[in-house]
Amino acid sequence: MTAVKTQASRNDDGTAAVVPAMAPPIMVKRRRKPLTWDKASFFLVFLGLPLVIYLVFVIWPFIQAFGYSLTDWSGFSPNQNFIGLDNYAKIFTDDIFMKAMGNNILLVIFLPIITIILSLVLATLVTVGGSSKGQIKGLRNSSFYRVVSFFPYTIPAIAIGIMWGQIYDPSGGLLNGLLRGIGLEQFKDFAWLGNKDTAMIATMFVIVWGFVGFYMVLFVAGIKGIPAELFEAARIDGAGRFRTAVSITIPLIRDNIQTAYIYMGILALDAFVYMAALNSGGGPDNSTLVMSQQLFFTAFSKGQFGLASAMGVVLAVTTLIFSGLVFVVNRLTGGDKDVSN
């Protein structure tokens, strides 16, 4: 039998009363399950192996690059004299590299915003931008628009650069030919990539053209996951298309937008292939030169691999800072809250 502890107390009239005492809670110690071969193999294959691959092929090369950036290594000799932070001091006082960094910052500001806005508009049109009566649906033949807009993404970046380089050609390019065909003779022999006022704009247009279809498909997948009842309720309440997009579509696919913004920002901080294909020399007055191009010139044209490694470290750190800022801004603006309820 289990003994019940009691304790004495007094009633209001002074008589003694016996009440059961509260027993202390019994702490049950959870036994740790023994490590079995199945668990060990799981950790080894699905956690240990990816971690080793990441350390060997991502972290270690970055550490090596940082080590090279502290030397005067030419890249073609075993001599690596330690010079400390001299390479970093040199690149931050180099007008050409700072110009390239400014161009990258310009790209990272405008490219993601323009691409994401256009992609969102197209994704909304092909999913919920159809008739305002009846079932929620996209525009007629929306699947055709989806395929056509996605097609540029299937073309290799170097091919896109070469193709648009021919289109922008001042003497026999398609663009100038079309403009002259509608009576704009001032664009005869106009060098879109040879003018410092238009070179960056023309280059940005090519990059947006190549990626807007991909992110449209990404946003279409996100919008398809939103219950149609939410759009129908907004329609009943009298919300217009813009209000529906701002209040329902964008908040519910916020994670997709954040991912797209980070990827486009990373592309903007690199953009080597497009810039090299359209303006291999950096454009007029270095108007389209980016950090990755200057890195390439420094390493393989000047034979200064230590200095180029320092540029690579700066580029990598800039990319990490950009990604971190996107996450911080998203969190501060309520991106971590569940808005589906």
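Bear in mind that the values here come from a model prediction, so they are computed numbers and not experimental data.

S.K.: Residue-level account of the overall build of the protein, with values.
M.R.: The helix and strand tally for the protein stands at 13 helices and two strands. When burial is assessed residue by residue, the protein has 33% of its 341 residues classed as buried. Here the analysis covers contacts within the protein between residues at least 6 apart in sequence; of these, 63% occur between residues at least 24 apart. Summed over all atoms, the accessible surface of the protein reaches about 21600 Å², with 66% contributed by carbon and sulfur.

S.K.: Tell me about the side chain of Asn-87, and name the residues and values.
M.R.: Following the sequence through the fold, Asn-87 ends up in helix 2 (residues 86–91). Side-chain polar atoms of Asn-87 contact the backbone oxygen of Gly-306, separated by 3.5 Å. Setting aside residues no more than four positions away along its own chain, Asn-87 makes contact with Ser-69, Thr-71, Gly-306, Leu-307 and Ala-310.

S.K.: Break down the environment of Gly-194 for me, with residues and values.
M.R.: Tracing the chain through its elements places Gly-194 in the loop between helix 6 (174–181) and helix 7 (199–224). C-alpha of Gly-194 to C-alpha of Pro-284: the two residues are 90 residues apart in sequence and 5.9 Å apart in space.

S.K.: I'd like a description of the nonpolar core, backed by residues and values.
M.R.: If you look at the biggest cluster of nonpolar residues, it comprises 62 residues, and the most contacted ones within it are Ile-91, Leu-107, Leu-111 and Phe-219. Looking at this core, the elements with two or more residues in it are helix 2, helix 3 (95–127), helix 5 (157–167), helix 7, helix 8 (228–236), helix 10 (254–270), helix 11 (272–278) and helix 13 (305–332). Here the element with the most residues in this core is helix 7; it accounts for 12 residues.

S.K.: A description of the confidence of the model for the protein should follow, citing residues and the corresponding values.
M.R.: Per-chain confidence: the protein averages 84 in pLDDT, with 86% of residues scoring 70 or above. Of all secondary-structure elements in the protein, the lowest mean pLDDT belongs to strand 1 (residues 6–10), at 52, while helix 2 reaches the highest, 94.

S.K.: I'd like a rundown of the packing of aromatic side chains, residues and numbers included.
M.R.: In the structure shown here, the tally under the stated rule is 19 aromatic pairs. With 4.9 Å between their ring centres and 75° between their planes, Phe-190 and Trp-192 make a pair best called edge-to-face. Ring geometry for Phe-300 and Phe-305: centres 5.4 Å apart, planes at 80°, overall edge-to-face. The exposed category is assigned to Phe-300, whose relative accessible area is 53%. Through a chain of ring-to-ring contacts, three or more aromatic side chains come together here, namely Tyr-68, Trp-73, Phe-76, Phe-272, Phe-296, Phe-300 and Phe-305.

S.K.: Please provide a residue-by-residue account of the side chain of Thr-244, values included.
M.R.: Considering the arrangement of structural elements, one finds Thr-244 in helix 9 (residues 241–252). Setting aside residues up to four positions removed in sequence, Thr-244 forms contacts with Phe-231, Ala-234, Ala-239 and Thr-249.

S.K.: Provide a residue-level description of the packing of helix 5 against helix 7, including the pertinent values.
M.R.: For any two helices packed against each other, one specifies the crossing angle of their axes together with the interaxial distance. Closest axis-to-axis distance for the helix 5/helix 7 pair is 11 Å, and the angle between their directions is 130°. Classified by the angle between their axes, helix 5 and helix 7 sit oblique to one another. Crossing hand, helix 5 versus helix 7: right-handed. In contact with Ile-160, Met-163 and Trp-164 of helix 5, helix 7 contributes Phe-205, Val-206, Trp-209 and Gly-210.

S.K.: Account for unusual backbone geometry, naming residues and giving values.
M.R.: The residue Asp-285 is not glycine, and still its phi comes out positive at about 60°. You can see Asp-285 is positioned in the loop between helix 11 and helix 12 (291–301). Accessibility expressed as a relative area gives 57% for Asp-285, which makes it exposed. Its identity as a non-glycine residue notwithstanding, Asn-286 has a phi of 55°, on the positive side. Relative to the assigned elements, Asn-286 resides in the loop between helix 11 and helix 12. By relative accessible area, Asn-286 is classed as partly exposed at 23%.

Calculation criteria
Residues numbered from 1 in each chain as written. Predicted model: local features only at pLDDT ≥ 70, side-chain atom pairs only at ≥ 80, totals over all residues. Heavy atoms only, no water. Helix = DSSP H or I, 4+ residues; strand = E, 2+ residues; numbered from the N terminus. Buried < 20%, exposed > 50% of the residue type's maximum accessible area, 1.4 Å probe, protein only. Contact = heavy atoms within 4.5 Å. Areas by Shrake-Rupley, 256 points an atom, 1.4 Å probe, with all protein chains shown as cover. Polar contact = N/O pair within 3.5 Å; in protein donor to acceptor, adjacent residues only side chain to side chain. Core = buried A, V, L, I, M, F, W, Y, C linked by side-chain atoms within 4.5 Å. pLDDT = per-residue confidence, 0-100. Phe/Tyr/Trp six-rings, centres within 6.5 Å; stacked < 30°, edge-to-face > 60°. Axes fitted to C-alpha atoms, helices over the stretch in contact; angles between N-to-C directions. Parallel < 35°, antiparallel > 145°, perpendicular 65-115°, else oblique. Left-handed = near helix turned anticlockwise from the far one by under 90°.

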